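# Structural characterization, general
In case you want the letters, here they are:
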Amino acid sequence: MAQASKPSIALVLGGGAPNATLMAGALVALAEAGVEFDIVSASGAGAIVGLLYAAPRQGDAIAALSKLADMGVSDPLYKLFPINYKVFNKPGQLADAWRALQGRNPLLQAIQQQADDGPAQRLLADWTGLLLATLCPSDLNTDSQGLCAHVPFIEQVVDFAKLKDFKPAFYLNAYNISHGYMRCWEKREITHDHFLAALSFPFIYPPYKLDDGDYIEGAAIDTLNFKRLFELHPHIDYTIVFDVLGSSRLLHPPRDLYDAWVQSIIAPLTAIARDDLRLFEALHNRDERGQPRTEVLKINFDAHIGKESAREELDWSYSNLARLYQAGYQAGKDACRQYGRQLGL
């Protein structure tokens, strides 16, 4: 008797930061349960999660994803100065040289390595990092194309050379603003430069120049990258969607001027993410014979984020990122129970 073929499973990692730790927690829960994917497609901040899963520089995927909350800033510092200097760095050649000097300083490296030893050590490490970031020179001016240097830390945690050996298909999108089209790279093409192009959110980061033009973050245009994914794979049995932007919980009366600025960025992205998923389910999830291209399996992150926690969801404090990771982990556990049959569990 012929054995039934294994169903194909895709993972779609949408844009979203700092709540990307929601995706990291959910992915760890799925990985621990033994879920295996045939395809991983990432947009925006989902690229960080996808690359840590596919090609971690140290340790395995679970260990790498579980440390993503380290992007957050120690809570006492964040309350005084609610900016993430780790992700949003000053731009310019002098700034790059300043950071390179820090990377070669053994004392600074020792301080940073002790950040996981407890709240006091984290506070010391982050206070030191904030002081050095404050002293960092910059050439930011009115002719600059973005506020910050492109994300500097990714090569410390991701080994791009390993990505081509990742068994599932892997895709990453970015939008070419020179010629007006969405580009979707596969794993054998993706380098550090492609990642920086895919994470160049307008105004925050300048467009990133590649051989064929200037690029901005794909998630700013297409938060879930459905169209290209199903052009490449006309039928996928099950598609797990990690959408952390399409929830109305992200929108709230701003707490202060900085929060109002964050809301001005997130409000249109929330609408785009909701529309992308609805349009796909209503219009595009049909092949030429009218049959569904895939069964969409959604992760219910909302069930594990309270109303008060939702007001802080876009904060970069360490406690918030760690709380979001745990919420994502529980949502992933729920998904394993809910979709166990589809996922082969």
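These numbers come from a predicted model, not from an experiment.

Analysis parameters
- Residues numbered from 1 in each chain as written.
- Predicted model: local features only at pLDDT ≥ 70, side-chain atom pairs only at ≥ 80, totals over all residues.
- Heavy atoms only, no water.
- UniProt positions renumbered as here; feature names shortened; annotations may be inferred.
- Helix = DSSP H or I, 4+ residues; strand = E, 2+ residues; numbered from the N terminus.
- Expected span 1.5 Å × (residues − 1).
- Bend = angle between axes of the 7 residues up to and from the residue.
- Buried < 20%, exposed > 50% of the residue type's maximum accessible area, 1.4 Å probe, protein only.
- Polar contact = N/O pair within 3.5 Å; in protein donor to acceptor, adjacent residues only side chain to side chain.
- Salt bridge = Lys/Arg side-chain N within 4 Å of Asp/Glu carboxyl O.
- Core = buried A, V, L, I, M, F, W, Y, C linked by side-chain atoms within 4.5 Å.
- Contact = heavy atoms within 4.5 Å.
- Axes fitted to C-alpha atoms, helices over the stretch in contact; angles between N-to-C directions.
- Parallel < 35°, antiparallel > 145°, perpendicular 65-115°, else oblique.
- Left-handed = near helix turned anticlockwise from the far one by under 90°.
- Nonpolar A, V, L, I, M, F, W, Y, C, P; charged D, E, K, R; others polar.
- Patch = residues over 30% accessible without salt bridge, like charges linked within 9 Å, V, L, I, M, F, W, Y side chains within 5 Å.
- Areas by Shrake-Rupley, 256 points an atom, 1.4 Å probe, with all protein chains shown as cover.
- Phe/Tyr/Trp six-rings, centres within 6.5 Å; stacked < 30°, edge-to-face > 60°.

## Quick word on the UniProt feature "domain: PNPLA" (unreviewed entry) in the chain
If you check UniProt for "domain: PNPLA" (unreviewed entry), the listed places come out as residues 11-230 in our numbering. Helix makes up 41% of residues 11-230 and strand 13%, with an end-to-end C-alpha separation of 12 Å.

## Structural notes on helix α12 (residues 257-284)
A rise of 1.5 Å per residue sets the reference length of α12, with its 28 residues, at 40 Å; its end C-alpha atoms lie 39 Å apart and thus fit the reference within 8%. Where α12 bends most, at Ile-266, the angle is about 25 degrees, and the proline Pro-268 comes one to four residues later. Those residues of α12 that fall on the buried side of the exposure criterion are Asp-259, Val-262, Gln-263, Ile-266, Leu-269, Thr-270, Ala-273, Asp-276, Leu-277 and Phe-280. For α12, the side-chain oxygen to backbone nitrogen distance between the N-cap and Tyr-258 is 3.3 Å, and the N-cap itself is Asp-256.

## Comments concerning the pattern of salt bridges
Inspection of the entire model under this criterion finds 18 salt bridges. When the shortest N-O distance is used, the salt bridge between Lys-86 and Asp-126 registers 3.1 Å. You can see Lys-86 sitting in the loop between α4 (75-80) and α5 (93-103) and its partner Asp-126 sitting in helix α7 (residues 119-135), a full 40 residues away along the chain. Residues participating in the shared-partner salt-bridge network are Lys-67, Asp-70, Asp-116 and Arg-122.

## Focus: the nonpolar core
By size, the foremost hydrophobic cluster in this structure holds 89 residues, and its most contacted members are Phe-37, Phe-195, Ile-240 and Phe-242. When residues of this core are assigned to their parent elements, the largest contribution, 9 residues, is made by helix α1 (residues 20-33). Apart from the residues within four sequence positions on either side, Phe-195 is in contact with Ala-47, Ile-48, Leu-51, Val-151, Ile-154, Phe-160 and Leu-172. Formed by 14 residues, the second largest nonpolar core is a distinct cluster that contains Cys-184, Phe-226, Leu-229 and Val-241.

## Quick look at the packing of α1 against helix α14 (residues 318-338)
Viewed as axis vectors pointing N to C, α1 and α14 meet at an angle of 40 degrees, and their least axial separation amounts to 6 Å. Put simply, α1 runs oblique to α14. Of the two elements, α1 crosses α14, and the hand of that crossing is right-handed. Within the contact between the two elements, α1 uses Thr-21, Leu-22, Ala-24, Gly-25, Ala-26, Val-28, Ala-29, Leu-30, Glu-32 and Ala-33 and α14 uses Leu-321, Leu-324, Tyr-325, Ala-327, Gly-328, Tyr-329, Gly-332, Lys-333 and Cys-336. Grouping the amino acids of the contact of α1 with α14 by side-chain chemistry returns 13 nonpolar, 4 polar and 2 charged.

## What to know about the environment of Asp-60
Secondary-structure assignment places Asp-60 in the loop between α2 (46-54) and α3 (61-66). Overall, the relative accessible area of 46% leaves Asp-60 in the partly exposed class. From its side chain, Asp-60 meets the backbone nitrogen of Ala-63 in a polar contact 2.8 Å long.

## Details of the side chain of Ser-41
By secondary structure assignment, the location of Ser-41 is in strand β2 (residues 39-42). Note on Ser-41: relative accessible area 1%, which makes it buried. Among the polar contacts listed, one links the side chain of Ser-41 to the side chain of Asn-225, at a separation of 3.2 Å.

## Description of a nonpolar patch on the surface
A cluster of nonpolar residues, Leu-123, Leu-124, Trp-127, Leu-131 and Leu-135, forms a patch on the protein surface that exposes about 470 Å² of accessible area. You can see Leu-123 is positioned in helix α7.

## So, the packing of aromatic side chains
Counted according to the given criterion, the structure contains 12 aromatic pairs. Taking the centre distance of 4.3 Å and the plane angle of 10 degrees together, the rings of Phe-226 and Phe-280 count as stacked. You can see Phe-226 sitting in helix α11 (residues 226-232) and its partner Phe-280 sitting in helix α12, a full 54 residues away along the chain. Looking at Phe-280, the relative accessible area reads 3%, which means it is buried. Here the aromatic cluster, defined as three or more aromatic residues joined through ring pairs, consists of Phe-37, Tyr-53, Phe-166 and Phe-170.

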